[in-house]
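Structural overview
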Amino acid sequence: MGDHHHGPAQGISRWLFTTNHKDIGTMYLWFSFAMFLLGGFFAMVIRAELFQPGMQLVEPLFFNQMTTLHGLVMVFGAIMPSFVGLANWLIPMMIGAPDMALPRMNNWSFWILPPAFLMLASTLFMEGGAPAFGWTFYAPLSTTYAAPSVTFFIFAIHILGVSSIMGSINIIATVMNMRAPGMTYMKMPLFVWTWLITAFLLVAVMPVLAGAVTMMLMDIHFGTSFFSAAGGGDPVLFQHIFWFFGHPEVYIIILPAFGVVSQIIPAFSRKPLFGYASMVYATASIAFLSFIVWAHHMYTVGMPVAGELFFMYATMLIAVPTGVKVFNWISTMWRGALSFETPMLFCIGFLILFTLGGFTGLMLSIAPADFQYHDTYFVVAHFHYVMVAGAVFSMTAAVYYWLPKWCGRMYNEAMGKTHFWISFIGFNITFFPQHFVGLAGMPRRIPDYALQFADFNMMSSIGAFIYGASQLLFLYNVIATIVAGKPVSDEKVWDGAEGLEWTVPTPAPYHTFEEPPLVPKPAGTI
Amino acid sequence: MGKRVSGAAVALMSPVAFAQNQVNMSPGVTEIGADIFELHMLIMWICVVIGVAVFAVMFYSIYAHRKSKGHQASQFHESTKVEVAWTVVPFLILIAMAVPATSTLLEVYDNDEAELDILITGYQWKWRYEYLDESGEPVAFFSNLATSQEEIYNTERKGDNYLLEVDEPLVIPTNTKVRFLITANDVIHSWWVPEIAVKRDAIPGFINEAWTRVTEEGIYRGQCTELCGAYHGFMPVEVHAVSRPEFDAWMAAKRGAAVAETQLAMQTLTVDDLMDRGKAVYDSACLACHGAAGQGGIGNAIAGSAVVMGDLGNHMAVVSKGVSGTAMQAFGGQLNDVEMAAVLTYQRNAFGNNTGDVVQPGDIAGMNNG
Ligand code: HEM
Ligand SMILES: [Cu+2]
Ligand SMILES: [Cu+2]
């Protein structure tokens, strides 16, 4: 290993012009964390207003801007880029490649993100305010009835889409072309597999999203009527297009999380992943099914009953491969030698809470019952169980797990565990009662509510403040680790960790695998 | 009532009676509602049983297979038999769920043979109900939020039905198959009353169908469930289900009132009468955007507005045709001549506008024709 590498450039130009997958990964991770805090701040505004019945802090229109920006920033700014950051850091190291296949495009796909979000955030200061039509931006609320800032929103979405597509092409090219000799597809770590499949999903659906916003742009500025019935168009068409993107999108968010959990649970169970091959097939079938279930978000738009039945059956089917995954993870733990460091705690938290979210998903898939659930807080509870306790918990686990490898220092375990318990408890105080108010009849996206929902809402708000505060502890722990954590130098930071990334020195040098490694025993076998 | 107390105090004083803290769906007052409720409970219990089994295994493993207890890891990592089993068994469970789900869905979609048709139209931010009945004078009206701004802004104590009360509820007969034809005038809304188990999107340019047969008399409350702009949280639904005779009496009274209103349009009203009626129209239809003191908000200020204090024809054109591309809708189709005359008179004389102009219902008809 001890060759003469050229190290990173100095100062700001290192970050502006870097083509190094580790630098770019780091920037993605920090950027997504900043967006997580920004989106979290919007959420705090929402929960503060909902603390009590009555309007206290903000006006209804501003409240809608907060819910819209919260959703957009969390989905497109926090969760998606964080997993791209993880992919950048880990995929080359996991398949024994020196870097990503298209390093300059990699730089570009990151650097167009900050301006896009700056533009999106700047709409808050524009006349008429920021977008206020929800992250699902249904027409015609988002076209004929939108504030002028919608044009900037459309542009921002376009840029995000371009960034995602470039990132995905890069990942596909890297995985297909840069695997070390002997690293066959069925030896790849699951994280690489889930990302490969996710990347195909992204390439397939981001253009659809781009199409949707372009049609909006045409309706707003160029006199077309795609989504306006008055001109012969159809507002429901918008929803079909949006959800044809939107449902795969939720799997784009969760599949890499599945990958992370499939790496970490075996490490702390000291036992290979159970059912590696069935995990790959389950991921692929989830990806396939995700294209044919979109209208389960639209059960109440008045589809013909045959359509309703088709989408109901297809959606119910997704529970099968999802169940297979959960069973596999638990079988991996079964008769292992378990230990409960912070990454493992977050994975177990993921396992429990994601499964709960899967159950409510199954309930929502039942069309007649969804007539009662749809657009209530029950749905809000469902998707926060899958997206926060699913994606965000697994991302947090990933940071704790790989951070020592990245920076050669160990985080503070006691603080990590504290972070886990506060997050876990805060999360459940926030979102569990939302099942109740949803079933009792509280619609989502309202700034004020009837008195019978008051107690649970207050509870939710308190939980949200706790959960929010715990993220500051996380930030502190990560910074303290990077600056002054206890140095570690073992290549294998965790005794149960498997995979090529644990064969390089700790901290991982700026360049790894300039010579292809010898691929050891296949992932998932002994 | 009416006592001014601070927001926090109001919240603290809210009677415990409100805090019912309902945690589950309500079976409601229709057969379909009960079926949906049963379906919901069935699936929930299936999930609970599976969940308990799966988590029991996991927690046992967490307890028994700990490294700290010296447990040695075995290295097994696949078993085709169990993997096939846990693919096939869930599939069978799903089929068991799909059967009742399908039959309930087919019931929901059985829109035939309705005895009463009601057209529901969503507006930003109110509902319009029209009874589609060929015999006799048509009956149609708007249904606006009745909760006061003072309650919303915490200067007055919140009533029992805070945000769930309207000025004019929808009235339907019990034990009658009522079909709703649902559409919207501007953006998408969604008409939902949990206890009668109807939720349907109201989509501009399209008409959706839904139906109900309420078996118990009572007042049932719901809300709009599709984000429809700033005041989406403030457009409740209130349904009064009454016996058939009571319904017929109500209908007859409504028809009578409609006839009286038509006659009123031919008379000359006093300024006070116009101002009173105008305030009522303004408060229910204009206040949300133009403010309680005409100070503006989403819409621009009425107090001192050049349009309002200027040419009457132009003022009326703005109100009746709206301003395209803005939130100012065309109220021409929403207000009758009496209401239009009253609100114009009111705007021209309230909020310190004091123009002294009086607009009579007859003038409206004249301007419309002219
Ligand atoms: C067992 C698997 C799942 C099933 C059967 C399922 C089913 C559903 C259904 C039927 C809805 C529509 C509910 C409604 O609006 O009435 C929904 C909403 C949603 N689901 Fe899932 N889901 C599953 C897993 C996931 C996962 C893994 C994610 C993301 C990580 C996710 C994210 C969402 C989101 C974001 C929404 C709400 C979107 C919105 O209206 O804003 N779901 N889910
Ligand atoms: Cu979906
Ligand atoms: Cu609404």
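Definitions and cut-offs
Residues numbered from 1 in each chain as written. Chains lettered and ligands numbered in written order. Predicted model: local features only at pLDDT ≥ 70, side-chain atom pairs only at ≥ 80, totals over all residues. Heavy atoms only, no water. Donors = N, O, S within 2.8 Å, 3.2 Å for Na, K, Ca; no water. Helix = DSSP H or I, 4+ residues; strand = E, 2+ residues; numbered from the N terminus. Near = heavy atom within 4 Å. Polar contact = N/O pair within 3.5 Å; in protein donor to acceptor, adjacent residues only side chain to side chain. Nonpolar A, V, L, I, M, F, W, Y, C, P; charged D, E, K, R; others polar. Salt bridge = Lys/Arg side-chain N within 4 Å of Asp/Glu carboxyl O. Buried < 20%, exposed > 50% of the residue type's maximum accessible area, 1.4 Å probe, protein only. Pairing = 2+ DSSP bridges. Axes fitted to C-alpha atoms, helices over the stretch in contact; angles between N-to-C directions. Contact = heavy atoms within 4.5 Å. Buried area = accessible area lost by both parts, 1.4 Å probe. Domains from an automatic or database assignment. Lys, Arg positive; Asp, Glu negative; His and termini not counted. Disulfide = S-S within 2.5 Å. Patch = residues over 30% accessible without salt bridge, like charges linked within 9 Å, V, L, I, M, F, W, Y side chains within 5 Å. Areas by Shrake-Rupley, 256 points an atom, 1.4 Å probe, with all protein chains shown as cover. Core = buried A, V, L, I, M, F, W, Y, C linked by side-chain atoms within 4.5 Å.

The subject of this paragraph is the coordination of the copper ion (ligand 2). Residues and elements named next belong to chain A. The copper ion (ligand 2) binds to the protein through His247 (ND1), His296 (NE2) and His297 (NE2), with metal-donor distances spanning 1.8 to 2.0 Å. Here the donor residues for the copper ion (ligand 2) map to a single chain with the spacing H-x48-H-H. In this structure, the copper ion (ligand 2) is positioned 4.6 Å from the iron atom of ligand 1. Linking His247 in helix α8 (residues 235-269) with His297 in the loop between α9 (276-289) and α10 (305-333), this pair joins segments that are 50 residues apart in sequence.

What follows covers the site of ligand 1. All names here are of chain A. Lining the immediate surroundings of ligand 1 are 23 residues, of which Trp135, Asp370, His374, His382 and Arg444 lie closest. One of the side-chain nitrogen or oxygen atoms of His374 is found 2.8 Å away from an oxygen atom of ligand 1. Taking Arg444, its side chain carries an N or O atom lying 2.9 Å from an oxygen atom of ligand 1. At the level of elements, α8, α11 (342-365) and α13 (377-407) are the ones that each hand at least two residues to the shell around ligand 1. Here the shell around ligand 1 is composed, by residue class, of twelve nonpolar, nine polar and two charged.

Within the structure shown, the criterion is met by 14 salt bridges over all chains. Residues Lys492(A) and Glu498(A) are paired through a salt bridge, measuring 3.9 Å at the closest nitrogen-oxygen approach. By relative accessible area, which is 44% here, Glu498(A) ends up partly exposed. Of the charged contacts in the structure, one is a salt bridge between Glu238(B) and Arg221(B), with a shortest N-O distance of 3.3 Å. With Glu238(B) in strand β10 (residues 236-242) and Arg221(B) in strand β9 (residues 218-224), the pair connects residues that are 17 residues apart, well separated along the chain.

Moving on: the sheet that holds strand β4 (residues 170-173) of chain B. Residue and element names in this part refer to chain B. In space, the five strands of this open sheet follow the order β4-β10-β9-β6-β7, with mixed pairing throughout. Lying at the two open borders of the sheet, with one neighbouring strand each, are β4 and β7 (198-202). The mean inter-strand angle of the sheet, taken between neighbouring strand axes irrespective of direction, is 25°. Sheet topology note: the β9/β10 ladder contains six bridges and is antiparallel. In the sheet register, Gln223 faces β10, and the bridge partner there is Pro236.

A word on the pairing of β7(B). All names here are of chain B. Within β7, five of the five residues are buried, leaving the element largely enclosed by the surrounding structure. The two faces of β7 match: Val198, Arg200 and Ala202 on one face and Lys199 and Asp201 on the other face are all buried. As judged from the five bridges shared by strand β6 (residues 189-193) and β7, these two strands associate in the antiparallel manner. In the sheet register, Trp192 faces β7, and the bridge partner there is Lys199. The antiparallel pairing of β6 with β7 creates a hairpin that spans four residues between the two strands, and Ala197 there sits at a positive phi of about 55°.

Bringing the coordination of the iron atom of ligand 1 into the picture now. Put simply, the ideal angle at a metal is 109.5 degrees for four donors in tetrahedral geometry and 90 or 180 degrees for six donors in octahedral geometry. A lone protein donor contacts the iron atom of ligand 1, and this donor is His382(A) (NE2), found at 2.2 Å. With respect to the element layout, His382(A) can be found in helix α13.

With that settled, the discussion passes to the environment of His511(A). Structurally, the position occupied by His511(A) is in the segment after β2 (486-487). For the pair His511(A) and Phe110(A), spaced 401 residues apart in sequence, the C-alpha to C-alpha distance is 20 Å.

Taken together, the contacts link 97 residues of chain A with 90 residues of chain B. Note on chain A versus chain B: buried area summed over both sides is about 8,200 Å², and carbon and sulfur give 70% of it. It is Phe371(A), Gln372(A) and Leu451(A) in chain A that bury the most area against chain B; as a group they hold 9% of the surface buried on that side. Taken together, the links from chain A to chain B amount to zero salt bridges. Counting across the chain A and chain B interface gives 26 residue pairs in polar contact (both at pLDDT 80 or more). Looking at the side of chain A that touches chain B, the elements with two or more residues in it are α3 (60-95), α8, α10, α11, α12 (367-373), α14 (413-439) and α15 (454-484) of chain A. For the side of chain A that touches chain B, the per-class residue count stands at 60 nonpolar, 24 polar and 13 charged.

Okay, the domain arrangement of chain B next. Residues and elements named next belong to chain B. Under the domain assignment, chain B is made up of domain 1 (15-63 + 79-110), domain 2 (116-262) and domain 3 (267-369). With 13 residues of domain 2 in contact, the opposing surface of domain 3 contributes 13 residues. For the domain 2 and domain 3 pair, buried surface summed over both sides reaches about 910 Å², with 50% attributable to carbon and sulfur atoms. Area buried by domain 2 at its contact with domain 3 is led by Lys126, Tyr231 and Glu261, which between them contribute 42% of it. Here domain 2 and domain 3 share zero salt bridges between them. Viewed at the interface, domain 3 and domain 2 are joined by two residue pairs in polar contact (both at pLDDT 80 or more). Each residue belonging to the side of domain 2 that touches domain 3 can be placed in one class, and the counts come to five nonpolar, four polar and four charged.

Okay, the side chain of Asp99(A) next. Residue and element names in this part refer to chain A. With respect to the secondary-structure elements, Asp99 resides in the loop between α3 and α4 (103-111). For the buried Asp99, no salt bridge exists, and the shortest N-O distance to an oppositely charged side chain is 7.1 Å, to Lys22. At 3.3 Å, the side chain of Asp99 forms a polar contact with the backbone nitrogen of His21. Not counting residues up to four positions away in its chain, the partners in contact with Asp99 are Thr19, Asn20, His21, Pro92, Thr174 and Met178.

A word on the sheet that holds strand β2 (residues 126-132) of chain B. Strand pairs in the sheet, formed through backbone hydrogen bonds, run parallel or antiparallel to each other. All names here are of chain B. If you trace the five strands from one edge of the open sheet to the other, you get β3-β2-β1-β5-β8, paired in mixed fashion. Looking along the sheet, the strands with just one partner apiece sit at the ends: β3 (139-143) and β8 (208-212). Going from strand to strand, the sheet's axes swing by 25° on average, the running direction of each strand aside. Bridge analysis of strand β1 (residues 116-123) against strand β5 (residues 178-184) gives seven bridges, and the strand direction is parallel. For Leu119, the partnering residue across the bridge sits in β5 and is Leu181.

Now for the state of the cysteines. A full pass over the atoms with the stated rule returns zero disulfides over all chains. No disulfide involves Cys289(B); its nearest neighbouring cysteine sulfur is the one of Cys286(B), lying 8.7 Å away.

A cluster of nonpolar side chains, namely Leu317(A), Val84(B), Val88(B), Phe91(B), Leu92(B), Ile95(B) and Val99(B), defines an oily patch on the protein surface of about 590 Å² accessible area. When residues in the nonpolar patch are grouped by element, the largest group, six residues, is from helix α3 (residues 80-108) of chain B.

Among the nonpolar cores identified, the biggest contains 270 residues, and Phe76(A), Phe153(A), Trp195(A), Trp329(A), Phe350(A), Tyr131(B) and Trp191(B) are the most heavily contacted of them. Among the elements that take part in this core, α13(A) stands out by supplying 22 residues, more than any other. Residue assignment places this core across two domains, with domain 1 (15-63 + 79-110) and domain 2 (116-262) of chain B each supplying three or more. Within the second largest apolar cluster, 23 residues are counted, among which are Leu264(B), Leu269(B), Leu344(B) and Val359(B).

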